[in-house]
Amino acid sequence: MNDAAPPSKDPKRRASTARRGVRTADLPPADPIGGVESVKLFERAFAGRKSALLAVSGGADSTALLVLAGEWFQTGGAPKIAVATVDHGLREEARAEADAVEALAGRFGLPFARLDGRTAPRDTRIEETARVSRYGALLAHARSIGADAVATAHTLDDQAETVLMRLSAGSGPMGLAAMRHAVRRDGIELLRPFLVVPKARLVATLKARNLGWAEDPMNVDPRFARARLRSARGALEREGMTAERLGVLAFRMARVNAAIEAAIDQAAALHVARKNGVSVIGASAATLPDEIKLRLLGRVIAEIGGVRVKLERLERLADHIVTKSSGANTLAGARIAWDSEGAIKVSSAPPRRERR
Ligand SMILES: Nc1ncnc2c1ncn2[C@@H]1O[C@H](COP(=O)(O)OP(=O)(O)OP(=O)(O)O)[C@@H](O)[C@H]1O
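Being a predicted model, the structure only gives us computed values, none of them experimental.

Chemist: I'd like a rundown of the pairing of strand 1 (residues 51–55), residues and numbers included.
Modeler: Put simply, side chains in a regular strand alternate between the two faces of the sheet. Counting buried residues in strand 1 gives five out of five residues, a clear majority hidden from the surface. Alternating positions in strand 1 separate into two faces, S51, L53 and A55 on one and A52 and L54 on the other, with burial throughout. Bridge count between strand 1 and strand 2 (residues 80–87): five bridges; the pairing is parallel. Bridged to S51 within strand 2 is K80.

This is the structure:
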């Protein structure tokens, strides 16, 4: 763990502290989160939850989550809380970092579990694979201990980075809405109580208590797009693209997205007929605004195929439908056939034949 003590005089130790501290070293001084403020954040996020599992990697943000939720728990006002760390088996230090999380959870009398999320180190999409295996392990553990929520420590800075990643991918309103405060996954609520909190304030919270945390070298590894974007944040901030403004953009896009979703609900009720696992978008849908038409098609395909279609693939398909008066295509596990009258029939695609 990287502690908040002054830099060491030993050059070797100083170098290693500097390396580990890169991600947090440039953070501006900030106010720690006070008890009243954290209870407000938690009460809003955990409203109606009986039992929550905290996802704690041992990094600054999730260590602050553990400490502030632990302090709340000790006041007697919190729901049941448990703590888990997922070990991806990617770094030697991971075991010691999980030990430190376990010790800290113990200080607050919170039960702790070390979960196996082993990921193949040569995987080229290691971040994504680790994320999928992490959520799988956390949700399974939450279910096994009867927790109805999993809380992560995503911050305003994580939200800003997500918006930047989505901007660079040319995402639409759904993507630019970035992360939500709460989302239901397999019957469990995924909560992000710190989504409006700058990371600097969580670091300040730990420093105020003289507590340490671990730095994951992947966070500053230039092989990963998110780390590269993170290092460009300073320059963007100087141009006014602050985390706060990117967070506001996400918030506004979430509002736009909710309006679009409501319009799709209405359009689906009016223009989609579902029978025996086949959905038909009627020719009457042609009068809908392009965005609603496109997203209605995406929703119907996702319902049938079970996979969300990427926006650019959906746009290509819609182009195809407009330019060719009739035809068929297979996408995301669904077969999409359209006729010259303008009706679009979506059915389950036959499984692909294995290649020899
Ligand atoms: N190995 C892990 N075990 C448990 N929870 C994790 C793990 N990795 C990430 N998380 C959860 O997911 C959130 C977001 O992950 P991310 O990779 O952005 O964070 P981090 O940089 O690893 O660490 P931290 O957020 O603790 O500073 C974390 O705040 C934490 O709540």
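Chemist: Outline the side chain of D221, supporting the account with residue identities and numerical values.
Modeler: Within the secondary structure, D221 is located in the loop between helix 9 (199–208) and helix 10 (225–238). Exposure remark for D221: the relative accessible area of 15% places this residue in the buried category. Here the side chain of D221 touches R223 through a polar contact of 2.7 Å, side chain to side chain.

Chemist: Which residues make up the packing of helix 3 (residues 35–45) against helix 4 (residues 60–74), and what values do they have?
Modeler: For the pair helix 3 and helix 4, the least separation of the axes is 10 Å and the interaxial angle reads 90°. By the criterion of interaxial angle, the relationship of helix 3 to helix 4 is roughly perpendicular. On the side of helix 3, the interface is formed by S38, V39, F42 and E43, while helix 4 contributes L65, L68, A69 and W72.

Quick notes on the rules
Residues numbered from 1 in each chain as written. Predicted model: local features only at pLDDT ≥ 70, side-chain atom pairs only at ≥ 80, totals over all residues. Heavy atoms only, no water. Buried < 20%, exposed > 50% of the residue type's maximum accessible area, 1.4 Å probe, protein only. Helix = DSSP H or I, 4+ residues; strand = E, 2+ residues; numbered from the N terminus. Pairing = 2+ DSSP bridges. Polar contact = N/O pair within 3.5 Å; in protein donor to acceptor, adjacent residues only side chain to side chain. Axes fitted to C-alpha atoms, helices over the stretch in contact; angles between N-to-C directions. Parallel < 35°, antiparallel > 145°, perpendicular 65-115°, else oblique. Contact = heavy atoms within 4.5 Å.

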